[in-house]
Amino acid sequence: MPQYLYQAAYTPESLSAQINNPQDRFEVVGRQLEQSAGAKILAGGFSFGEYDIVAIVEAPDDTTMAAVALAIAAGGAIKVAKTTPLLSGAQWVEALKKAPSITYRPAR
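Not measured: the values here are computed from a predicted model. (Residues numbered from 1 in each chain as written. Predicted model: local features only at pLDDT ≥ 70, side-chain atom pairs only at ≥ 80, totals over all residues. Heavy atoms only, no water.)

A. The arrangement of the nonpolar core in detail. In this structure, Tyr-6, Ala-39, Ile-53, Val-57 and Met-65 are the most contacted members of the largest nonpolar core, which totals 16 residues. Not counting chain neighbours up to four residues away, the residues in contact with Met-65 comprise Tyr-4, Tyr-6, Val-57, Ala-59 and Thr-83. (Core = buried A, V, L, I, M, F, W, Y, C linked by side-chain atoms within 4.5 Å. Buried < 20%, exposed > 50% of the residue type's maximum accessible area, 1.4 Å probe, protein only. Contact = heavy atoms within 4.5 Å.)

Okay, structure coming up:
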């Protein structure tokens, strides 16, 4: 199943609500995503800096992951998010093998 790197930064209001009611949002959101979309949070952590959370999410396909990202964004708790599709090792090797057959000439 495809995997995605999902990074997000909370709004100040969301952080305030979480401070007032501390809970592991990976557990809460993970259950919601698995039940409603068949997506699963495989790993993740809370960070500080540009993003507040980083997660590796497994979803059935790109459309499902896009729907997950849209639903989370529409909830209003996230001010910015980034979703990056991840290739497996086998997919990466396949891309490496295919690269020589691609015609590309840089501008000079």
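B. Spotlight on the environment of Pro-85. Its place among the elements puts Pro-85 in strand E4 (residues 78–86). Among all residues touching Pro-85, those that are not within four sequence positions of it are Gln-3 and Tyr-4. (Helix = DSSP H or I, 4+ residues; strand = E, 2+ residues; numbered from the N terminus.)

C. Up close: the environment of Val-80. Along the polypeptide, Val-80 turns up in strand E4. Sequence-wise, Val-80 and Asp-52 are 28 residues apart; in three dimensions their C-alpha atoms are separated by 10.0 Å.

D. Broad picture of the sheet that holds strand E2 (residues 40–46). Strand order in the open sheet made by the four strands is E2-E3-E1-E4, with antiparallel pairing throughout. Only two strands of the sheet have a single partner each, and these edge strands are E2 and E4. Across the sheet, the mean angle separating the axes of adjacent strands is 20° when strand polarity is ignored. Here eight bridges tie strand E1 (residues 3–10) to E4, and the two strands are oriented antiparallel to one another. Paired with Ala-9 across the strands is Val-80, a residue of E4. In the packing of helix H2 (residues 25–37) onto the sheet, the strands contacted are E1, E2 and strand E3 (53–58), and the crossing angle to E2 comes to about 160°. (Pairing = 2+ DSSP bridges. Axes fitted to C-alpha atoms, helices over the stretch in contact; angles between N-to-C directions.)

E. Summary view of the pairing of E3. As paired strands, E1 and E3 are joined by six bridges and run antiparallel to one another. Among the inter-strand pairings, Tyr-6 is bridged to a residue of E3, identified as Ala-55. Pairing of E2 with E3 involves six bridges; the strand directions are antiparallel. Along E3, the bridge assignment pairs Gly-45 with Val-54. Here E2 folds back onto E3, and the loop between the two strands holds six residues, one of which, Gly-49, carries a positive phi near 125°.

F. How the structure looks around the environment of Thr-64. Along the polypeptide, Thr-64 turns up in helix H3 (residues 62–74). Thr-64 gets classed as buried once you look at its relative accessible area, which sits at 18%. Thr-64 sits 25 residues away from Ala-39 along the chain, and the two C-alpha atoms are 7.8 Å apart. Excluding residues that lie within four positions of it along the chain, Thr-64 makes contacts with Ala-37 and Ala-59.

G. Representation of the confidence of the model for the protein in the model. On average, the protein scores 96 in pLDDT, and the residues at 70 or more come to 100%. The secondary-structure element of the protein with the lowest mean pLDDT is H2, recorded at 95, while E1 shows the highest, at 98. (pLDDT = per-residue confidence, 0-100.)

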